[in-house]
Amino acid sequence: MATACPPRLIVGLGNPGPNYADTRHNAGFWLVDRLADQLHVSLAPQKSFFGLVAKAGERWLLEPGTYMNKSGQAVGALARFYKIAPEEILVVHDELDLPPGGIRLKQGGGNGGHNGLKDIQAALGSPNFWRLRLGTGHPRSLGLNQEVVDFVLHRPRAEEQAEIDRALDRCLLAWPLLAAGDFAAAQQQLHGKAV
């Protein structure tokens, strides 16, 4: 694999407001909040970028302040203003197709029905951004009868949250590799079994 560009923009996906803060759909926000703490920066509202923004060195952190299906508005605005290519963007989001605590890192591909990814792809005019997929499980694989829409807008059960928290910790441990653009090594670390 060719050397990738280090990410200049890290986007956590979620829905704004206290009603959604602890829901599965906000897993992307959870990681970006922790990363901001680790990098000693504070996310603050930026009207021109439609969300919460922080600058850490040459890198931007973003949590769109729009609802999930309009995430591209914030990502597109910041990326255009600072001339950030899709290949230099890492989007962190919840993933139904992975069990709670599962992690997958990949570049490009489809949106898997994820409305946030769909809107970002439309705003950027490209699917070539990186995705850090945080598993929340699917209601069927977890033995639940909930509709998917209802499932993602509810908080994980305690045992699922514990797995997701461990995954967030693993992502922070892999951050130096991600920050360096060494996605192959980050994939190896993140895709392996949790210790």
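Here the structure is a predicted model, which means the values were calculated and not measured. (Residues numbered from 1 in each chain as written. Predicted model: local features only at pLDDT ≥ 70, side-chain atom pairs only at ≥ 80, totals over all residues. Heavy atoms only, no water.)

Draft legend 1. Looking closely at the UniProt feature "binding site: tRNA" (unreviewed entry) in the protein. Cross-referencing UniProt, the feature "binding site: tRNA" (unreviewed entry) maps to Tyr 20, Tyr 67, Asn 69 and Asn 115 in the present numbering. Relative to the assigned elements, Asn 69 resides in the loop between strand S4 (59-64) and helix H2 (71-81). Here Asn 69 is in contact with Asn 115 and Asp 119, once residues within four sequence places are set aside. Tracing the backbone shows Asn 115 in helix H3 (residues 115-124). Those residues in contact with Asn 115 that sit more than four places away from it in its chain are Met 68 and Asn 69. (UniProt positions renumbered as here; feature names shortened; annotations may be inferred. Helix = DSSP H or I, 4+ residues; strand = E, 2+ residues; numbered from the N terminus. Contact = heavy atoms within 4.5 Å.)

Draft legend 2. Spotlight on the UniProt feature "site: Discriminates between blocked and unblocked aminoacyl-tRNA" (unreviewed entry) in the protein. Per the UniProt record, "site: Discriminates between blocked and unblocked aminoacyl-tRNA" (unreviewed entry) is annotated on Asn 15. Positionally, Asn 15 belongs in the loop between strand S1 (9-12) and helix H1 (27-38). With residues near it in sequence (within four places) discarded, Asn 15 still touches Tyr 20, His 25, Asn 26, Phe 29, Tyr 67, Met 68 and Leu 153.

Draft legend 3. Focus on the nonpolar core. Formed by 31 residues in total, the largest nonpolar core has its most connected members in Ile 10, Leu 31, Leu 61, Leu 105 and Leu 132. Elements with a contribution of two residues or more to this core: H1, strand S3 (51-56), strand S5 (89-95), strand S6 (103-107), strand S7 (130-135), helix H5 (158-173), helix H6 (175-179) and helix H7 (183-191). Per element, the largest residue contribution to this core is six residues, and it comes from H1. If we ignore the near neighbours within four places in the chain, the residues touching Leu 132 are Leu 31, Leu 90, Val 91, Val 92, His 93, Ile 103, Arg 104, Leu 105, Cys 171 and Leu 190. Counting residues in hydrophobic clusters, the runner-up holds 20 residues, among them Val 53, Ile 89, Leu 117 and Phe 129. (Core = buried A, V, L, I, M, F, W, Y, C linked by side-chain atoms within 4.5 Å. Buried < 20%, exposed > 50% of the residue type's maximum accessible area, 1.4 Å probe, protein only.)

Draft legend 4. Just the pairing of S4, in detail. Of all six residues in S4, six are buried; the element is thus mostly enclosed. Side chains of S4 alternate between two faces, with Arg 59, Leu 61 and Glu 63 and Trp 60, Leu 62 and Pro 64 buried alike. Strand direction decides the pairing type here: S3 and S4, joined by six bridges, are antiparallel. Looking at the pairing, Ala 56 lines up with Arg 59 of S4. Joining the antiparallel neighbours S3 and S4 is a turn of two residues, in which Gly 57 adopts a positive phi near 65°. (Pairing = 2+ DSSP bridges.)

Draft legend 5. Spotlight on the packing of aromatic side chains. This model, assessed by the stated rule, comprises six aromatic pairs. Ring centres of Phe 49 and Phe 81 lie 5.7 Å apart, and the angle between their planes is 65°; on these two criteria the pair is classed as edge-to-face. Within this pair, whereas Phe 49 is found in the loop between strand S2 (44-46) and S3, its partner Phe 81 is found in helix H2, the two being separated by 32 residues in sequence. What makes Phe 81 exposed here is its relative accessible area of 56%. Here Phe 81 and Tyr 82 contribute two aromatic rings whose centre-to-centre distance is 4.8 Å and whose plane-to-plane angle is 80°, an arrangement assigned as edge-to-face. A connected cluster of aromatic rings, assembled from ring pairs, spans Phe 49, Trp 60, Phe 81 and Tyr 82. (Phe/Tyr/Trp six-rings, centres within 6.5 Å; stacked < 30°, edge-to-face > 60°.)

Draft legend 6. Inspection of the sheet that holds S4 at higher detail. With respect to topology, seven strands assemble into an open sheet ordered S2-S3-S4-S1-S5-S7-S6, the strand pairing being mixed. Of all strands in the sheet, those bounded by a partner on one side alone are S2 and S6. When the angles between neighbouring strand axes are averaged without regard to direction, this sheet yields 25°. Sheet strands touched by H2: S1, S3, S4 and S5. Its angle to S4, the strand with the most contacts, is close to 155°. Contacts between H5 and the sheet are confined to S6 and S7, with S7 contributing the most and set at about 150° to the helix. (Axes fitted to C-alpha atoms, helices over the stretch in contact; angles between N-to-C directions.)

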